[in-house]
Amino acid sequence: MSAFLANHTRTHNCGALRATDAGAQVVLTGWVQSSRDHGKAVFIDLRDRDGKTQLVFDEAFDPKALEVGKDLRSEWCIGITGEVRSRGTMVNDKLSTGAIEVWVKSIEVFSKSDTPPFSIEDAIDTNEQVRLKYRYLDLRRPKLQKSLMTRSKITRLTRQYLGDNNFLEMETPFMVKYTPGGARNFLVPSRLNPGEFYALAESPQIFKQLLMVAGFERYFQIVRCFRDEDLRNDRQPEFTQIDIEMSFVNEAILQKMMEGLVTKLWKEILDVDIPAPFRRMTYAEAMAKYGVDKPDLRCDLELCEVTEACKTSAFKIFEDAIAAGGIVKALRIPANPALTRKILDGLPDFTKSFGAQCAWVKVGEGGVWTGGLKGFAESARDEVNRVAGAHSGDTILFVANKAKVANATAGALRLFIGDKLGLIRKGEWQFMWLIDPPLFEIEDGHVAAAHHPFTSPRAEDEELLETAPERVLARAYDLVLNGNEVGGGSIRIHRSDLQSRVFAALGISEEHRKAKFGFLLDAFKYGPPPHGGVAFGLDRLAMLISNSDSLRDVIAFPKTQKGSDLMTDCPTHVSQKQLDELFIQLKPDLPI
RNA sequence: GGAGCGGUAGUUAAGUUGGUUAUAACGCCGGCCUGUCACGCCGGAGGCCGCGGGUUCGAGUCACGUCCGCUCCGCCA
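Residues numbered from 1 in each chain as written. Chains lettered and ligands numbered in written order. Predicted model: local features only at pLDDT ≥ 70, side-chain atom pairs only at ≥ 80, totals over all residues. Heavy atoms only, no water.

### With respect to the sheet that holds strand 2 (residues 41-48)
Convention followed: Think of it this way: DSSP has to see at least two bridges between two strands before they count as a pair. Runs of H or I in DSSP of at least four residues are treated as helices and runs of E of at least two as strands, each being numbered from the N terminus. Working convention: axes come from line fits to C-alpha atoms, limited for helices to the stretch in contact. Angles between N-to-C directions cover 0 to 180 degrees.
The strand order around the closed barrel formed by 5 strands is 1-2-3-5-4, and the pairing between neighbours is mixed. Across the sheet, the mean angle from the axis of one strand to that of its neighbour is 55 degrees, orientation sign disregarded. The pairing of strand 2 with strand 3 (residues 51-58) spans 8 bridges and is classified as antiparallel. Across the sheet, Ala41 pairs through a bridge with Asp58, a residue of strand 3.

Below, the structure is given as structure tokens:
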């Protein structure tokens, strides 16, 4: 029991005091950021989640306090009482509280600290491995404190906005029936049902649709989702979605509602006015101009396709790629700012990971090329220059490959070069809706759902379901921000005849439909409303709005790229007894 | 499943063609100092060079394997 807390209540946070508070008697609590011992006086920076305040321990003011003050070390947790004094002309501009300091009268050391493995400050170059092991210390750093406070603000504002618009916050199960297709699921063994497993929900998709059937009309949930896929800088095995579903809506109504949410977040958190409605761009346009379905519109560079021109180029590599069913994508880079030889020489390394190569030429007077593509036919060259809009001094990059690879590579090159040349405008917020994506993904003749099998095709494309499924576009939309997919959704199918036709196009037999989605199909027999929804990636939104580089900066306890938690050392092996209880036998040839 | 980069005091890094006692900065410990705020000055401690075996008279250094972390491709309906 702390005598200090029995007699004192904190009066201010460490970022609160100003010149006008001079003379006040205050109580502060926090952690020792740093200490500067001058013999007969000690200066301490006291830190809490709100900021820093300089404490003064002075022999003449209070010798007993000074004695304790001399012993204080980094990250000790203390409480003090004292008097606010103006610093006069010796203001510290770096602190919001820099106009004042607190002269300490009494102090209690709540707890001492071992020397931390790294210092608790933003300008830190410590390995992430060490930081993750001591995550509770890393989280003391002001930047992470601020990011997680911003995250909290997002969820608070979201609840407020959706609540004001008559959405109900409802929960759905995490432990669900395993349904194949889509992301890999984490499995949870059932002790009460030996040999059977739950799956951790990769999304509440089906349940939120059933809530629409149940007549709740407007649902949302800020919900954890689980996917057992390989991880990235912007992908964690468990992540949080702002999950939303509405009945009796079309795309326009739903998107407008969501634009209201997003603009509110940016206004209230960053005081930035995002113009709405957001730009709409078709999937086809995005792929053509940017090579990806999530264009970063902060960069004006655009791709173009030069397959036709290259067919008669007499340039064998391109002609072979085209003959094999591939395409040639080109990226024109204007003369200024200059594209250095060093950047160009770095391109092979960059494109290698995409399984592609790229070629480049410098355009000279009269459209003449130098650099690469020796022997390229002149007429084809002139046509490429025309399509690309190339002028003397420009550089043109080429990627010839299968459409998927060529687009991905050229799209990535666009941003790589854009970044190197400073052509990505920092500080802009480029929102857009990506619309009209294909309903199906077709690879090697196999038809799969591009989104999920309950996504509605466009009415005008329904007739193509049986004849040309590859041309059917979906009533789906992604919200894209600065090249990041921050949300996605669709208008769902609510007519069982249409659902049957989509299942048929996917090659899912009657029998399979029943086994996998029987309960949903049954539910749809009982007057389902037309409905649609969207899910936002809360972590990505928080990452972007807080200007963080990694998802790990906006998740309190994130996992590594291999899905482990370095602080708790998880996952772990379990005892034979636990396995026996679950009737699970490990294979003898585990790769460990 | 694949590619690349990294792992040396608490932290961040340097470490030459393989060769005496593995350096530095910050941090830490002790001493001095009343105006610092990246305090200053003096002194000091601190190392399984990720791990394993291999080549060698000799390995932080070379080759191999392995573990861990990061970035990316595939993957993420």
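### With respect to the sheet that holds strand 16 (residues 369-370)
To keep things clear, this is the line we draw: Throughout, a contact is declared for two residues whenever any of their heavy atoms are within 4.5 Å.
An order of 13-14-17-15-16 is seen for the 5 strands of this open sheet, with the pairing classed as antiparallel. Two strands bound the open sheet, and with one partner strand each, they are strand 13 (303-305) and strand 16. Each of strand 13 and strand 14 (327-333) is contacted by helix 8 (residues 283-290), which is oriented at about 100 degrees to strand 13, the strand it contacts most.

### Thoughts on the packing of aromatic side chains
Put simply, the rule reads: When two rings of Phe, Tyr or Trp (its six-membered ring) have centres within 6.5 Å they constitute a pair, described as stacked for plane angles under 30 degrees, edge-to-face for angles over 60, and tilted for the intermediate range. Per-residue accessibility, obtained with a 1.4 Å probe over protein chains only, is compared with the maximum for each type, and a residue is labelled buried under 20%, exposed over 50%, and partly exposed between these values.
Scanning all chains against the criterion turns up 18 aromatic pairs. Relative to Phe517, the ring of Phe454 lies with its centre 5.2 Å away and its plane at 90 degrees, an arrangement referred to as edge-to-face. Separated by 63 residues along the polypeptide, Phe454 in the loop between strand 20 (446-449) and strand 21 (476-481) and Phe517 in helix 15 (residues 510-523) bring together distant segments of the chain. On the accessibility criterion, Phe454 (3% relative accessible area) is buried. Taking the centre distance of 5.8 Å and the plane angle of 10 degrees together, the rings of Phe503 and Phe517 count as stacked. Taken together, the positions of Phe503 in helix 14 (residues 496-505) and Phe517 in helix 15 put the pair 14 residues apart, joining distant regions of the chain. An aromatic cluster of three or more residues is present, and its members are Phe315, Phe318, Trp369, Phe376 and Phe398.

### What about the domain arrangement of chain A?
Under the convention used in this document: These domain limits were set by an automatic method or by a database of domain assignments.
Partitioning chain A into structural domains gives domain 1 (3-111) and domain 2 (299-420). Centre-to-centre, using C-alpha coordinates, domain 1 lies 62 Å away from domain 2.

### Side note on the pattern of salt bridges
Short version of the rule: A pair is scored as a salt bridge if a Lys or Arg side-chain nitrogen falls within 4 Å of a carboxyl oxygen belonging to Asp or Glu.
Tallied over the full model, the rule gives 47 salt bridges. Of the charged contacts, one joins Glu238 and Arg224 as a salt bridge, the two residues approaching to 2.8 Å between their closest N and O atoms. A residue pair is termed long-range when its members are at least 10 positions apart, and Glu238 in strand 11 (residues 238-247) and Arg224 in strand 10 (residues 218-226) qualify at 14 residues. By relative accessible area, which is 26% here, Glu238 ends up partly exposed. A relative accessible area of 37% means that Arg224 is categorised as partly exposed. Among the salt bridges present, the one from Glu510 reaches Arg513, with a minimum N-O distance of 3.9 Å. In this pair, Glu510 and Arg513 both sit in helix 15, 3 residues apart, roughly one turn of the helix. Salt bridges here are not isolated pairs; linked through shared partners, they connect Glu462, Glu466, Arg495, Asp497 and Arg501.

### Brief notes about a nonpolar patch on the surface
What counts here: Residues enter patches when they are more than 30% accessible in relative terms and free of salt bridges; like-charged ones are connected within 9 Å and nonpolar ones (Val, Leu, Ile, Met, Phe, Trp, Tyr) within 5 Å. To measure how exposed things are, a 1.4 Å probe is used in the Shrake-Rupley method; for residues, cover is taken only from the protein chains shown.
Judged by side-chain polarity, Phe174, Met175 and Tyr198 come together as a nonpolar surface patch covering roughly 270 Å² of accessible area. By secondary structure assignment, the location of Tyr198 is in strand 9 (residues 197-200). You can call Tyr198 partly exposed: its relative accessible area is 31%.

### Comments concerning the environment of Gly182
Structurally, Gly182 is set in the loop between strand 7 (175-176) and strand 8 (187-189). A relative accessible area of 73% places Gly182 in the exposed class. For the pair Gly182 and His452, spaced 270 residues apart in the sequence, the C-alpha separation amounts to 7.8 Å.

### A short note on the protein's contact with RNA strand B
Going by this rule: Each residue is tested against the molecule or strand, and it is near if at least one of its non-hydrogen atoms lies within 4 Å. Whenever a nitrogen or oxygen atom comes within 3.5 Å of another N or O atom, the pair is scored as a polar contact, on the condition that within protein one atom can donate a hydrogen and the other can accept it, and that pairs from neighbouring residues in sequence are kept only if both atoms are in side chains. Residue classes follow a fixed rule: Ala, Val, Leu, Ile, Met, Phe, Trp, Tyr, Cys and Pro count as nonpolar, while Asp, Glu, Lys and Arg count as charged, and any other residue, Gly among them, counts as polar.
Taken together, 47 residues surround RNA strand B, and among them Arg36, Asp37, Gln129, Ala449 and His451 come closest. The contact atoms of RNA strand B, taken as those within 4 Å of the protein, divide so that sugar and phosphate hold 56%. One of the backbone nitrogen or oxygen atoms of Gln561 is found 2.8 Å away from a phosphate oxygen of RNA strand B. Among the secondary structure elements, those contributing two or more residues to the surface near RNA strand B are strand 1 (25-37), strand 2, strand 3, strand 5 (100-111) and helix 3 (128-133). Sort the elements by how many residues they give to the surface near RNA strand B and strand 2 lands first, with 3 residues. Residues of the surface near RNA strand B, tallied by class, amount to 11 nonpolar, 16 polar and 20 charged.

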